[in-house]
Amino acid sequence: MKKLPFIIFCFIMLCAFGAGMNSYHRTESMIANDVNRALETALQQMPGNVVTTDTIQCYRNSLTIAELKDTACIVIRTVRRNDRLQTELVAEANCGFLTVLKLSDQKASSSLFFIGILWLIGSLWYIKRKKPELLMQGLSYGGIVFCNDKFLTHTGKLIHLTPMQHSLLEMFMTSETHTLSKKEICERLWPKKPDASDTLYTLVRRIKPIVEANSSLKIESDRGRSYTLVYR
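The rules behind the values
Residues numbered from 1 in each chain as written. Predicted model: local features only at pLDDT ≥ 70, side-chain atom pairs only at ≥ 80, totals over all residues. Heavy atoms only, no water. Patch = residues over 30% accessible without salt bridge, like charges linked within 9 Å, V, L, I, M, F, W, Y side chains within 5 Å. Areas by Shrake-Rupley, 256 points an atom, 1.4 Å probe, with all protein chains shown as cover. Salt bridge = Lys/Arg side-chain N within 4 Å of Asp/Glu carboxyl O. Helix = DSSP H or I, 4+ residues; strand = E, 2+ residues; numbered from the N terminus. Buried < 20%, exposed > 50% of the residue type's maximum accessible area, 1.4 Å probe, protein only. Phe/Tyr/Trp six-rings, centres within 6.5 Å; stacked < 30°, edge-to-face > 60°. Disulfide = S-S within 2.5 Å.

The next subject is a nonpolar patch on the surface. A cluster of nonpolar residues, F97, L98 and L101, forms a patch on the protein surface that exposes about 310 Å² of accessible area. You can see L101 is positioned in helix α3 (residues 97-103). Classification of L101 by relative accessible area gives partly exposed; the value is 31%.

Written out as C-alpha cells, the structure is:
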C-alpha cells in the first residue's frame, strides 16, 4: 500500500505522455495531408512537368497551415517502378520537432502532467505528515522504534543490523527493564554453544556504536554479568 501513490503517479504520467504523443502524431498526419493537398492544387493550376517559381509560390499559397509557408518545398525524386526509373514531385514540410509540437494540441497532456505533479506533492506531504503517527504504532525507546520487525530512528530512517544484532536489540527493546543477563542472552542466541562469552562480548562491542549513532541510548555492562540499554 505504501507504493500505491507512486504507482498512481507513474500511471498518470504515462497517460500524459501517451496523450502528448498521440496529439503529436495526429499533427504530423495533418501537416502531411496539408502539403500533399497544396501540391495537388499547385499542379492543377500550373500544368506541365517543369517546376517554376510560380509553381512553388502557388504551392505555398495553397497551404492552410501558416507555419509551413516559409519551410515547405517541392522535391523531385527518382524512383524505380517496373524496372524503369521515373521522376515524381513530392511535397515536404521541412518542419522540425518543436514546430510540430507547437502546432499539436497538448492541453490534455499538460493537464494530466499538472495533475500528476499535484498528486506527487500531495502524496509526499501526506506520507511526511503521517510518518510520526506510523512510527508511534511501534515500540519506541530512547529514539529507537521497533516496528514491523524493523528498527528505525525517530525520523523513520532504517537502522541496518546483522541478524544477531537485530535479535539482541529486539531482546533489549522487548524487555520491561531493558536489562538482560549474560546467561539469558547466551541461551537465547547460542543455545547449543557451551560457552559463548567471547562471542557475546564481540557482539556487544560491535552493536554499541550503532545504537549510540542512531539514538540517545547506550549499552552498559555490569561486570560481565548483565547488560542494560540506558539513556546516555
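What follows is about the pattern of salt bridges. One pass over the full model with this rule turns up 4 salt bridges. Its salt-bridge partner being D222, residue R225 comes within 3.8 Å of it at the nearest N-O pair.

The next point concerns unusual backbone geometry. Even without being a glycine, N94 presents a positive backbone phi close to 55°. Residue position: N94 is located in the loop between β2 (84-92) and α3. Taking the relative accessible area as the measure of exposure, N94 reaches 44% and is therefore partly exposed. For D149, which is not a glycine, the phi torsion comes out positive at approximately 65°. Structurally, the position occupied by D149 is in the loop between β4 (144-147) and β5 (150-153).

Overall, the coordinates contain 3 aromatic pairs when judged by the stated rule. Ring geometry for Y24 against F97: centres 5.1 Å apart, planes inclined by 35°, an arrangement best described as tilted. Here Y24 is found in helix α1 (residues 4-45), whereas its partner F97 is found in helix α3, with 73 residues between them in sequence. You can call Y24 buried: its relative accessible area is 9%. Measuring from centroid to centroid gives 4.6 Å for F146 and F151, while their planes differ by 25°, and the two rings are stacked. Taken individually, F146 and F151 each receive the classification buried, so the pair is uniform in this respect.

Attention now moves to the state of the cysteines. Within this structure, the stated rule accounts for 0 disulfides. Not engaged in a disulfide, the cysteine C10 finds its nearest cysteine sulfur in C15; these two sulfurs lie 11 Å apart.

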